[in-house]
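Structure at a glance
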Amino acid sequence: MEASSTSASSSRSNGHPFKRYTVTSSNGAHDNGVHSVQYSKKGDWVRLVLKSKELTSRAAKPSSNEKGSRSFSRVWIYAVVLVVVVCYFTAEAFLQGSIGILLHGSAAVASKALAINPFHDLAGKTLSSEGVLEYKVKFVPSKLKERFIKQRLALDKQRKEHRNPIRRPRLAAVCMDLEATPGLLYLVTVWKALVVLGYEFQVFALRDGPMHATWEQTGALVTILELDSVEDGLGVDWLIFEGVILSSLDAKSVLASFLQEPFKEVLVIWILHEDLQRKETWLSGLALEIDVISSYKRAFERADVVLLSDYVLAMKYNQFDTGNFFVLPGSPIPGFEADKFMSKHSREEVRSLYKIGAHDIAVAVVGSPFSYKSVWREHAIVMQAISPLAKVLQKGGVSMRFMIWSVGSTNNYSRALQILAAQMGLTRGSVHHFRNDVDLNKLLWAADVVIYSSLREEQAFPSALVKAMVFEHPIVAPNITVIRENMQDKIHGCIFEAGNDTDFALAFERALSQFGVIDHGHATVVHSNAHGKRLFVANVISGFADFLEGVIDFPSEVHLPLPISLISNNLDKDWQWPLLKAHKSHPADSNANKTTVFSLKPAITGHKDNESDSPKSATRNDDLSSDDWAELRSMKLLEEMEQSEEEQLKERNELLHGTWEEVYRSVKRAENTKNDLHEREDGELERTGQPICIYEPYIGAGTWPLLGEKSILYRGISLIAKQRRPGSDDIEAPLRVPLLNHSYYRDVLCEFGAYFAIANRIDRIHKNSWIGFQSWQAVGRKVSLSSNAELALNNALKGGNNGDTVYFWASTDVHSNEASLQRDFWSFCDAVNNGNCRSVFLKTFKDMFGLPLKWNRLPPMPVDGDRWSALHSWAMPTPSFLEFIMFSRMFVSSLDALFGERHDKCSLGVSTLEVKHCYCQLLELLINVWVYHSGRRMVFLDPVDGSMHEQHNLLTRHGLMWINFFSIETLKGMDADLAEEADDGTPRNKRWIWPRTGEVFCQQIHDRERKQRYTMKLEKKKRDKERVRRIRSRQRQQPLARG
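Position numbers for residues start from 1 in each chain and track the written sequence from start to end. Restriction of local features to residues with pLDDT of at least 70 applies here, the model being predicted, together with a cutoff of 80 or more for giving and counting side-chain atom pairs; totals for whole chains, interfaces and linings are based on all residues. The side-chain figures draw on all heavy atoms in the structure; neither hydrogens nor water molecules are used.

Turning our attention to the sheet that holds strand E1 (residues 170-175). For two strands to be treated as a pair, DSSP must find at least two bridges joining them. A run of H or I in DSSP counts as a helix once it spans at least four residues, and a run of E counts as a strand once it spans at least two, with each numbered from the N terminus. On the basis of which strands lie adjacent, the open sheet formed by seven strands has the order E3-E2-E1-E4-E5-E6-E7 and parallel pairing. The open sheet has two edge strands, strand E3 (221-224) and strand E7 (325-327), and neither has a second partner. For this sheet the average axis-to-axis angle between neighbouring strands, irrespective of direction, equals 25 degrees. Summarising the sheet, strand E4 (residues 243-246) and strand E5 (residues 268-272) pair through three bridges and their orientation is parallel. In the sheet register, Leu246 faces E5, and the bridge partner there is Trp270. All axes here are fitted lines through C-alpha atoms, helices being fitted over the stretch that makes contact, and every angle between N-to-C directions spans 0 to 180 degrees.

See the structure below:
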């Protein structure tokens, strides 16, 4: 298959994710320039990836001075070249199984075409100047690389700036269980290095296991989520983490929590070590499980980065790639599989399975994990180089058995290898070919020596050679880059010059003699096992730390991690294998090499292990064609269109389904929205007798599990329209304050949007003397009110001796793992607002009160060791709340005017999430300034035991409070002035949002409305008089008869 060359930097115009895989020239050493080819056709992807560049020889042109004298010789040369070309392509088609008819009648022709010397000349011409080949297609995560470069530049800039952080960066790992598996071994090994760099780690698991204690010993906090189902969310506040790591393919169900607001922008890193299931199962279940496949595609799209441990996995998952795949080579799984296989199977047992004698020399020939046409040449080179030595050993009574393992070959190819072996003089039955559906562990464990036949440059060290090292077999491999970097000549095996037959034969003979294969019948490379198990550990740890710096957008309040270069000499040199050995009593073998990906319906019954050898399975192994994918997409599109039409019809014809009780409540709720009917709902009636109602603002369905249980004490308020909890009497904030329909203001105001919604005509929804708020984040951070605290608060409010007091139960300690009590208020505010809290607050305060430009004083906030309120979790009298909202509306309006119309810039944050929620951290602390300087008592309510402690005693505030700025008289006057401006239609600026945050009222408006009401009353009286006059002047018909 040929593809046209295009620019490597061309954009993905057709939307296929495969455009990002860059194609490079195979003989770059001889090219004049670097060319690139990009492919987008899904059906051809696998074949494009696995096909290497093959160069054919060109016939040399005769010189111009010989043109006239050698015309006859030229014709003879052309004829010879034509015959060679025909023989070459005939042999190529034969070995690929395309013309199986030659197997019966043309063995001589095949033998002649596969003569050794012409073959090797042809194979040698495909080699570059360095003796190795390159793939036409390589995995290059260009999209993620651009992100890494941009993020690292920003990180370097932040490291040079002054910072005042209050906590370490947090990472979360979500595991389905805590069994001892290689996947968790990978995480534990990496985590031990990350904790030195300054990260915090928290592990969430759905089921407990023996690794629980191990995680805690490393300093990680472990939480077991005892949930019946993950469909409704995990009940975790993911916003407190800089990134969330999913450790296995089974964690796909957890990704549903990150598809809902407000967790859509949380960084999700999905680490995959598992392989896809067999293609037979995939194809047989495709028609039945389209929805399952679509759900996996949505899951892969949601993950910000899919981190794979092998480039082979990147190719097998390619249909799910949306530009977010990244490969970090290295995993303990190959070593674990080999070690586990050795512990369960004796070598004699496996050799007897393949009928290998005790004195036979078994040679395992493995190659690239990818399939390409010219693989037969590599196998021919191996047999050609070894056949002379095999003949000599055969004369001495030692037979040599070749076990060739390759990917993507057919049954015809096995027969072709037999013919090729016979032409080379090898004994019948000495060459056996195995397809990739045969367990490679068996072949490697049965072998005496392992040959790596591929001459192509790989992007990572082959996992087959890792297993060979663990099996302690000598390895004979070419000097390609990954071999030279990870394998030592004469220690782990023998390395030969790629493309040199003589050197290869000598390397193989040296491996047999040096490692004692000929003398003892089995070679044992002493240091190979340990080396194979610890391969890539240091590279994985350093690469993972570097990877995190490239994907995490560090907020202003966290410490930046240390550079990996500072601890590069102290990195672990091995995986934490003792952890698996310590938990041998709790094996997790079923999870170690999991091949089942999709929970397909049991459509495949009676599947046999040897099914892959049948001709039918050969066709089933083929990938889906482009027509199949087009048909699948059209079917899915048609299904989505039908579903959309059904939903629209349901919306137009709204029917009431359910019990009579639900119908009654629905109708009653609809009637209560009418202006002429003011009946109160059941929940509102139940709350009437309570002293307080606590409102819980939330954003999206992702926060529903984090809200308090349904109780008359709590009532939810949704900041997003049409996202109320089903079956609840929650309030929709955008219906009361339309400004919240604007996503920008909904994001920057956060819980203050709920404050404004409740305060707007508060008498219509709130009838209690006290009002409280509790953020949805309070549950996730373990500072929500317990039953004891709720009872204590109710008793305190019913006592009636509280005065103007503000109770709060979440302090600034929840933001920091350091002692924030030792920080003064403004320093803490600076820490969580990119160091600009003081300057922004001062400018806003001056604009709000019209202070002179030279004013540079902030409201004093004492450093007395007491707590300050955070997380919008407090309670106060309802009149005090309205006074606070009066102050807050003016402050927010001045704050918004300060930032102008640039929505993408925010001096209060550096990360994307901080810029999106620009005002939130500052507004969260605003209540402390208002409470302190308005002369109200502050009482901290312990959310666990309900104990109460007064903070910042009133007696210590004399001379410190700015009463003149925060008194009710001052605020009422300012509010009236703003209302008059709004009523006159003269806004202060284009972004003046004060009239849109609540009710606009002043004496001028009151007088006009009273006049309008009086005018309407007079008009009504006039209409009534006119109606009475018409009735009286109406002509009445006289009775026809008198009785």
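What follows concerns the side chain of Ser430. Locating Ser430 in the fold gives a position in the loop between helix H15 (411-423) and strand E10 (431-434). Accessibility expressed as a relative area gives 4% for Ser430, which makes it buried. Engagement of the side chain of Ser430 in a polar contact is seen with the backbone oxygen of Thr427, the distance being 2.6 Å. Contacts were defined at the residue level, with two residues in contact if any of their heavy atoms lie within 4.5 Å. If we skip the residues at most four places from it in the chain, Ser430 touches Met400, Arg401 and Phe402. Relative accessibility thresholds used throughout: buried, under 20% of the residue-type maximum; exposed, over 50%; partly exposed, between the two (1.4 Å probe, protein chains only). Polar contacts, as counted here, are pairs of nitrogen or oxygen atoms within 3.5 Å of one another; within protein the pair requires one atom able to donate a hydrogen and one able to accept it, and residues that are adjacent in sequence qualify only if both atoms are side-chain atoms.

A few words now on the confidence of the model for the chain. Considering every residue of the chain, the mean pLDDT works out to 77; 74% of them sit at 70 or more. Contacts from residues 675-679, a stretch scored under 50 in pLDDT, to residues over four places away or in other chains number four contacts. Values of pLDDT, ranging from 0 to 100, describe the predictor's confidence in every residue of the model.

Our focus in this paragraph is the pairing of E4. Here E4 shows no split at all, with Gly243 and Ile245 on one side and Val244 and Leu246 on the other all buried. In the sheet, E1 pairs with E4 via four bridges, with the strands oriented parallel. Across the sheet, Ala172 pairs through a bridge with Val244, a residue of E4.

Now for the pattern of salt bridges. Any carboxyl oxygen of Asp or Glu within 4 Å of a side-chain nitrogen of Lys or Arg constitutes a salt bridge here. With the rule as written, the count across this model stands at 27 salt bridges. Note that Asp729 is salt-bridged to Arg715, the shortest N-O span being 3.7 Å. Linking Asp729 in the loop between strand E15 (714-718) and strand E16 (731-732) with Arg715 in strand E15, this pair joins segments that are 14 residues apart in sequence. The exposure classification of Asp729 matches that of Arg715, with both residues buried. Residues joined by salt bridges that share partners form a network here, namely Arg167, Glu242 and Glu557.

Our next topic: the nonpolar core. In terms of nonpolar packing, the biggest core is built from 90 residues, with Leu194, Trp215 and Phe544 touching the most fellow members. When residues of this core are assigned to their parent elements, the largest contribution, 10 residues, is made by helix H7 (residues 182-197). When sequence neighbours within four positions are dropped, the list of residues in contact with Leu194 reads Leu171, Tyr199, Phe544, Ala545 and Leu548. Of all hydrophobic cores here, the second largest spans 84 residues; its members include Phe752, Met876, Cys906 and Ile927. Side-chain atoms within 4.5 Å are what join buried Ala, Val, Leu, Ile, Met, Phe, Trp, Tyr and Cys residues into a set we call a nonpolar core.

Below, the discussion takes up the state of the cysteines. The disulfide definition used here is simple: a pair of cysteine sulfur atoms within 2.5 Å. Summed over all chains, the structure comprises three disulfides. Bridging Cys906 to Cys918, the disulfide has an S-S length of 2.0 Å. Every disulfide takes its handedness from the sign of the S-S torsion; for Cys906 and Cys918 that torsion is 85 degrees, giving right-handed. With Cys906 in the loop between helix H36 (878-899) and helix H37 (912-916) and Cys918 in the loop between H37 and helix H38 (920-933), this pair connects stretches of sequence that are 12 residues apart. For Cys906, a relative accessible area of 9% gives the class buried. For Cys918, a relative accessible area of 4% puts it in the buried group. If you count the bonded cysteines of the chain from the N-terminus, they pair up as 1-6, 2-3, 4-5.

Take the environment of Phe508 next. Relative to the helices and strands, Phe508 resides in helix H19 (residues 501-514). The sequence separation of Phe508 and Ile475 amounts to 33 residues, and the corresponding C-alpha distance is 8.8 Å. Beyond its immediate sequence surroundings of up to four residues, Phe508 is in contact with Val363, Ile386, Leu389, Met400, Val449, Ile451 and Val476.

Put simply, helix H31 (residues 752-759) and H36 touch, their axes get as near as 10 Å, and they point 125 degrees apart. Our classification of the angle between H31 and H36 gives oblique. When the axes of H31 and H36 are compared, the crossing they make is left-handed. Between H31 and H36, the residues in contact are Phe752, Tyr755, Phe756, Ile758 and Ala759 and Phe881, Leu882, Phe884, Ile885, Ser888, Arg889 and Val892, respectively. Taken together, the residues of the contact of H31 with H36 break down into 10 nonpolar, one polar and one charged. For classification purposes, an angle smaller than 35 degrees is called roughly parallel, one larger than 145 roughly antiparallel, one from 65 to 115 roughly perpendicular, and anything else oblique. Note: crossing handedness is left-handed where the near helix turns anticlockwise from the far helix by less than a right angle, and right-handed where it turns clockwise. When residues are grouped by polarity, Ala, Val, Leu, Ile, Met, Phe, Trp, Tyr, Cys and Pro land in nonpolar, Asp, Glu, Lys and Arg in charged, and all others, Gly among them, in polar.

Here we take up helix H40 (residues 968-984). Across its 17 residues, H40 extends 24 Å between first and last C-alpha, which sits within 8% of the 24 Å expected from 1.5 Å per residue. Looking only at H40, the buried set comprises Leu971, Met974, Asp975, Leu978 and Ala979. Buried residues along H40 cover an arc of 140 degrees about the axis, so they all sit on one side. Every exposed residue of H40 that faces more than 90 degrees away from the buried side is listed here: Glu969 and Lys972. As for H40, its buried residues are in contact with helix H35 (837-849), H36, H38, helix H39 (963-966) and helix H41 (1003-1032). To estimate how far a helix should extend, the number of its residues minus one is multiplied by 1.5 Å. Of all possible arcs, the one meant is that of the directions from the helix axis to the C-beta atoms.

Attention now moves to a negative patch on the surface. Only residues whose relative accessible area exceeds 30% and that take part in no salt bridge are eligible for patches, with like-charged residues grouped when within 9 Å of each other and nonpolar side chains (Val, Leu, Ile, Met, Phe, Trp, Tyr) grouped when within 5 Å. Note on areas: Shrake-Rupley, 1.4 Å probe, and residue coverage restricted to the protein chains presented here. Positive charge is attributed to Lys and Arg, negative charge to Asp and Glu, and no charge count is given to His or to the chain ends. Where a charge lies is defined by one atom per residue type: Lys uses NZ, Arg uses CZ, Asp uses CG and Glu uses CD. Taken together, the side chains of Glu642, Glu645, Glu646 and Glu647 present a region of like negative charge at the surface. By secondary structure assignment, the location of Glu646 is in helix H26 (residues 626-652). On the basis of relative accessibility, which here comes to 48%, the residue Glu646 falls in the partly exposed class.

Here the amide bond leading from Glu261 into Pro262 is cis, since omega sits at 5 degrees, within 30 degrees of zero. Residue position: Pro262 is located in the loop between E4 and E5. Positive phi values are uncommon outside glycine, yet Lys722 reaches one of about 60 degrees. With respect to the helices, strands and loops of the structure, Lys722 is situated in the loop between E15 and E16. Positive phi is not limited to glycine here, since His952 has a value of about 50 degrees. Summarising the element assignment, His952 is placed in the loop between strand E21 (948-951) and H39. According to the relative accessible area criterion, His952 is buried, its value standing at 1%.

Take the pairing of strand E8 (residues 361-366) next. In terms of residue burial, E8 counts as a mostly covered element, since six of its six residues are buried. Here E8 shows a buried face lined by Ile361, Val363 and Val365 and a second buried face lined by Ala362, Ala364 and Val366. Pairing of E8 with strand E9 (residues 400-405), which is carried by five bridges, proceeds in the parallel orientation. Counted as the bridge partner of Val363 is Phe402 from E9.

As a further point, take the packing of aromatic side chains. Ring pairs are drawn from Phe, Tyr and Trp, using the six-membered ring of Trp, whenever the two centres fall within 6.5 Å, and their geometry is named by plane angle: stacked under 30 degrees, edge-to-face over 60, tilted for the rest. The final tally for this structure, using the stated rule, is 54 aromatic pairs. Relative to Tyr919, the ring of Phe899 has its centre 5.5 Å away and its plane inclined at 40 degrees; by these criteria the two rings are tilted. Taken as a pair, Phe899 in helix H36 and Tyr919 in the loop between H37 and H38 lie far apart in primary sequence, 20 residues in all. Geometrically, a charge over a ring is one whose NZ (Lys) or CZ (Arg) sits within 6 Å of the ring centre while staying within 35 degrees of the ring normal. A cation over an aromatic ring shows up here: Arg867 above the ring of Phe940, its NZ or CZ 4.6 Å from the ring centre. The ring of Trp994 carries the charged tip of Arg889 above its face, separated from the ring centre by 4.4 Å.

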